[in-house]
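The residues making up each chain are set out below.
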2 protein chains.
Amino acid sequence: MIRGPQAAPSEGEAGDGRADAALVAKICWYYFREGQTQDAIAQRLKMTRKRVNRILGEARESGFVQITIADPAGHRTEIEEELIRKFDLRHAIVVPVPLGGTDVRSFIGAAAARYVAECLPPSGSLGITWGGTINAAAQSLPQRSGDGTRVVLMSGGLAESAPINPYDNATMIARALGARCYYLTAPMFAETAELRDILVASEPVRSVLAMVPSLDVALLSAIDLSEQSKALEYEVISRETWASLLEAGAVGDICGHYLDSAGKPLHHPLVQRTIHPPIDHVLQIRHRILAAGGEHKVPIIRAGLLAGFCQVLVTDEAAGSKLLD
Amino acid sequence: MIRGPQAAPSEGEAGDGRADAALVAKICWYYFREGQTQDAIAQRLKMTRKRVNRILGEARESGFVQITIADPAGHRTEIEEELIRKFDLRHAIVVPVPLGGTDVRSFIGAAAARYVAECLPPSGSLGITWGGTINAAAQSLPQRSGDGTRVVLMSGGLAESAPINPYDNATMIARALGARCYYLTAPMFAETAELRDILVASEPVRSVLAMVPSLDVALLSAIDLSEQSKALEYEVISRETWASLLEAGAVGDICGHYLDSAGKPLHHPLVQRTIHPPIDHVLQIRHRILAAGGEHKVPIIRAGLLAGFCQVLVTDEAAGSKLLD
DNA sequence: CCTGCATCGTCACAAATGTGTAATGGGCTC
DNA sequence: GAGCCCATTACACATTTGTGACGATGCAGG
């Protein structure tokens, strides 16, 4: 059984030295490329079939072998066509809803990763935000050598390490791309609006934020404000804040900008405390990709689309068809 | 069982309309990404397990799903290191030799395809030559949208359709890249040197050849002159020509340029009849990749390296280690 | 309408795969 | 050197997968 790609990246595995990478590669070649049986490979390499089996399993989970499904380029799904037309997008990618218990975000993340890998030029720069979808993307981003590639995390950090942490996200993506990583060394939300302004004006936060408008690609995620919102679950925002955001008409946020259902940015007190690039800076990024799915994210995705946050949408069938209603 | 990628591309299959591409994609997602069992997928999609099974098989063979093995970038094999040092290469890729009866060329082709896909810029131009290795590459080249990508076939054609035909090669590669393809509308060898000169000077041959120096990437293959040479087997050259080439000291050719074992181009009569770009034009191509392997190709590969034909070598372990002797 | 051809579903089975459990053995600490 | 921990092996077994045989269904042409 191939477990989904969101297997916890626990346990210290730095250089992945457990099994000689060359050996793993060889086994993978024989198995996937040549179609040899695990048994045959084991005999040939003088090891147990079980060992081969385990190595193959690990190779898949760790992303050592990537299985990519042809992008039916030019042969778009109806739903993709519709989305492109309705929201005037450059491109839309709609992935199927998982059958089993798998998290949709890992599907969407994988597709987004693929797209990013394709459109991020060598030595390009990529801005990312925070979220489970981005995390999933990080895990299935194809390795690349990326000379001079830069990754910029466009949100502050969380002091208390949530299961999904902005800094982790950024680190993983940067590692996969072989990129240099720039973090916002500030909390996601400052304690007061004044402090926020001071932080944003101070180095090194200022210079990292200053990179945003000239980024090549932005990989954005959308945070919803439904009951199932991860922001709530991980206590990124308190229940009171949540309630007050809802009351103000917010449906979620993209890159820290809370939007109402029409895509208009709100002037909620929280926004004054958020460390993030201004909207118009984000909108100056040449290539903007929004990766988000799941039915509860439909309102914020729609808001983001209306606000012009993205030219490329990566989502799932469920959200995609709801967006068309 | 996953059969090797060189399954004959026989039978007319143009648009591949047998099974809805979207359906195939979905099944592949469920199976490869989510790890669902074929049975579960069949039930969910209300079809037989056998059907799912068959679709998956076809998807693999047709290259609809690609299985890529992580390039241990920066973590090179010793043999790769040595090759790079000894021949002053920019990069070397050494694939394992197949266990079973699989043709080495499909391995090498796959690796080369992957490399090309990586280094060919969007809207870039790619020059290719003729040969089984290139053919294998075509078959495992990841699909891409390639706006404005161009593929130039740098050799003439064969009138009598050999199992591996230059035009087929070019077409397949162009199709995979979504590229516009430029052919040399001339035979591989003209009947006389005079006719060759006339052809080369005439349109449209001239303008296609004129594209060569400014190509972004060249994917070159090496044709050997051993007894096992495919050129001989497919009767691309006659046995007499073959003998006379050997006598002149040739060890094979790259892009129609016959070289001796030191890499010096020969002035054999055949060369005067060959429709191909001059050596210095080929050497002006910025990014030159030589994809060839198998022990019998070692002499011509070495010659090609000495002649400076490539900065990147894709070969197999057997040839690689022989090259280091 | 019937015939021939081809594709698909059903069944069945052998091979391959994933996953336990217990035994083995190598390397480490003490 | 004894004892222990860990990883690997050997063995066994349930699932999953690939494939062949055979009948049913559907379609084109006479």
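The model shown is predicted, which means the values in this text are computed figures rather than measured ones. (Residues numbered from 1 in each chain as written. Chains lettered and ligands numbered in written order. Predicted model: local features only at pLDDT ≥ 70, side-chain atom pairs only at ≥ 80, totals over all residues. Heavy atoms only, no water.)

Take the pattern of salt bridges next. Scanning the model with the defined rule gives 18 salt bridges over all chains in all. Here R54 of chain A ties to E58 of chain A by a salt bridge, and the two come within 3.2 Å at their closest N and O atoms. With R54 of chain A and E58 of chain A both in helix α3 (residues 49-61), this residue pair falls four residues apart, about one helical turn. A salt bridge links E295 of chain B to K322 of chain B; its shortest N-O distance comes to 3.4 Å. Note that E295 of chain B is positioned in the loop between β10 (287-291) and α14 (298-306) and K322 of chain B in helix α15 (residues 317-323), a separation of 27 residues in sequence. (Salt bridge = Lys/Arg side-chain N within 4 Å of Asp/Glu carboxyl O. Helix = DSSP H or I, 4+ residues; strand = E, 2+ residues; numbered from the N terminus.)

A separate point is the interface of chain A and chain B. Counting residues at the interface gives 40 residues for chain A and 40 residues for chain B. At the junction of chain A with chain B, the criterion picks out two salt bridges. Close ionic contact of K26 of chain A with E317 of chain B constitutes a salt bridge, the shortest N to O distance being 3.2 Å. The tally of links from chain A across to chain B stands at eight residue pairs in polar contact (both at pLDDT 80 or more). When residues of the side of chain A that touches chain B are traced back to their parent elements, those giving at least two are α1 (21-33), α2 (38-44), β1 (65-69) and α5 (104-119) of chain A. By residue class, the composition of the side of chain A that touches chain B is 24 nonpolar, 10 polar and six charged. Relative to strand β1 (residues 65-69) of chain B, β1 of chain A runs antiparallel, the two being bridged by five bridges. Each residue of the ladder has a partner; that of I69 of chain A, found in β1 of chain B, is V65 of chain B. (Contact = heavy atoms within 4.5 Å. Polar contact = N/O pair within 3.5 Å; in protein donor to acceptor, adjacent residues only side chain to side chain. Nonpolar A, V, L, I, M, F, W, Y, C, P; charged D, E, K, R; others polar. Pairing = 2+ DSSP bridges.)

Before going further, it helps to spend a moment on the sheet that holds strand β8 (residues 250-254) of chain A. Residues and elements named next belong to chain A. The strand order β7-β8-β9 describes an open sheet built from three strands, whose pairing is antiparallel. Every other strand in the sheet has two partners, leaving β7 (222-224) and β9 (257-260) as the edge strands with one partner each. Going from strand to strand, the sheet's axes swing by 30° on average, the running direction of each strand aside. Sheet analysis places β8 next to β9, joined by four bridges and oriented antiparallel. Opposite G252, over in β9, you have L259 as the bridge partner. Packing of helix α14 (residues 298-306) onto the sheet brings it into contact with β7, β8 and β9, and relative to β8 it is tilted by some 65°. (Axes fitted to C-alpha atoms, helices over the stretch in contact; angles between N-to-C directions.)

What follows covers helix α3 (residues 49-61) of chain B. All names here are of chain B. With 13 residues, α3 ought to run about 18 Å at 1.5 Å a step, and its terminal C-alpha atoms sit 18 Å apart, in line with that. Along α3, the residues that are buried comprise V52, I55, L56 and A59. Viewed end-on, α3 has its buried residues packed into an arc of 100°, placing them on one side of the element. Summarising the contacts, the buried residues of α3 are in contact with α1 (21-33), α2 (38-44) and β1. Within two residues after α3, G63 carries a phi angle of roughly 80°, on the positive side. (Expected span 1.5 Å × (residues − 1). Buried < 20%, exposed > 50% of the residue type's maximum accessible area, 1.4 Å probe, protein only. Arc of directions from axis to C-beta.)

As a measure of interface size, the accessible area lost when the parts come together is often cited. Parsing chain A into structural domains produces domain 1 (21-61) and domain 2 (78-323). With centres defined by C-alpha atoms, the gap from domain 1 of chain A to domain 2 of chain A works out at 38 Å. (Domains from an automatic or database assignment.)

The next thing to look at is the side chain of R196 of chain A. Residues and elements named next belong to chain A. As for its placement among the helices and strands, R196 is situated in helix α8 (residues 193-201). A distance of 3.2 Å separates the side chain of R196 from the side chain of D197, its partner in a polar contact. Discounting residues that sit within four places of it in the chain, R196 has contacts with A190, Q272, R273, T274, I275 and H276.

Residues and elements named next belong to chain B. Mapped onto the elements, I164 comes out in the loop between β4 (150-153) and α7 (166-177). The exposure class of I164 is buried, given its relative accessible area of 10%. Residue contacts for I164: discarding those within four places in its chain leaves R105, W130, G131, G132, N135, L158, N169 and Y234.

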